[in-house]
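Structural characterization, general
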Amino acid sequence: QVQLVESGGGLVEPGGSLTLSCAASGSSFSTFAMNWYRQAPGKGRELVAGITSDGGHTNYSDSVKGRFTISRDNANNTAYLQMNNLRSEDTAVYSCNAKRRRGRVVDTYWGQGTQVTVSS
């Protein structure tokens, strides 16, 4: 069982920056790939960024590429999403997700989400 707790959301002006954190409980954090998703009002959930369990590979949606950076600290069981040059369309609830495969079994866990609002 893994519990995920996001923090770092808030209100920021367009062009500003925020860093989201996702703190994980348990000793198996380094076996999970970590992902950040977001969901804006009236829209579906969007995968924003992902990072492999060892941090060696990352991927981003086209909408955030070049502005957001995902990273992780396996020693401290935490994943991050650095968000720069924020736009109004980045306004959403951001949730972190931990995922791993064990043979045919897929373990996946979600945090409760943190609100990011980009507005002047």
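Above this note sits the structure.
Now for a quick tour of the structure. Bear in mind that the values here come from a model prediction, so they are computed numbers and not experimental data. (Residues numbered from 1 in each chain as written. Predicted model: local features only at pLDDT ≥ 70, side-chain atom pairs only at ≥ 80, totals over all residues. Heavy atoms only, no water.)

**Some points on the pairing of strand β9 (residues 92-102)**
Short version of the rule: In this analysis, strands are considered paired if DSSP registers two or more bridges between them. Labels follow the DSSP assignment, with helices taken as runs of H or I lasting at least four residues and strands as runs of E lasting at least two, numbered in each case from the N terminus.
As judged from the seven bridges shared by strand β4 (residues 33-39) and β9, these two strands associate in the antiparallel manner. Residue pairing across strands places M34 opposite A98, the latter belonging to β9. Strand direction decides the pairing type here: β9 and strand β11 (residues 114-118), joined by three bridges, are antiparallel. Paired with A92 across the bridge in β11 is V116. In textbook terms, the turn of a hairpin is the stretch between consecutive antiparallel strands, and for β9 and strand β10 (residues 105-110) this stretch comprises two residues, one of which, G103, has a positive phi near 65°.

**What about the pairing of β11?**
Every other side chain in a regular strand lies on the same face of the sheet, so the side chains alternate between the two faces. Operational definition: In this scheme, a residue with accessible area under 20% of its type's maximum is buried, one over 50% is exposed, and one in between is partly exposed, where area comes from a 1.4 Å probe on protein chains only.
A one-sided burial pattern is seen for β11, the buried positions being T114, V116 and V118 and the unburied ones Q115 and T117. Pairing between strand β2 (residues 10-12) and β11: three bridges, direction parallel. Directly across from V12, in β11, lies its bridge partner V118.

**Here's the deal with the packing of aromatic side chains**
Stated precisely, the cut-off is as follows: Ring pairs shown here join Phe, Tyr and Trp side chains whose ring centres sit within 6.5 Å, with only the six-membered ring taken for Trp; geometry is labelled stacked below 30 degrees between planes, edge-to-face above 60, and tilted in between. We call a charge positioned over a ring when the NZ of a Lys or the CZ of an Arg lies within 6 Å of the ring centre and within 35 degrees of the ring normal.
The tally for this structure, following the rule as stated, stands at two aromatic pairs. Consider the rings of F32 and Y109, whose centres lie 5.9 Å apart with planes at 65°: the pair is edge-to-face. A residue pair is termed long-range when its members are at least 10 positions apart, and F32 in the loop between β3 (18-24) and β4 and Y109 in strand β10 qualify at 77 residues. Between Y37 and W110 the ring centres are 4.9 Å apart and the planes differ by 55°, which places this aromatic pair in the tilted class. Residue Y37 is found in strand β4, and its partner W110 is found in strand β10; the two are separated by 73 residues along the sequence. Here R45 stacks its cationic end above the ring of Y37, 5.4 Å away from the centre of that ring. Directly above the aromatic system of F29 lies the positively charged group of R72, at a separation of 4.5 Å from the ring centroid.

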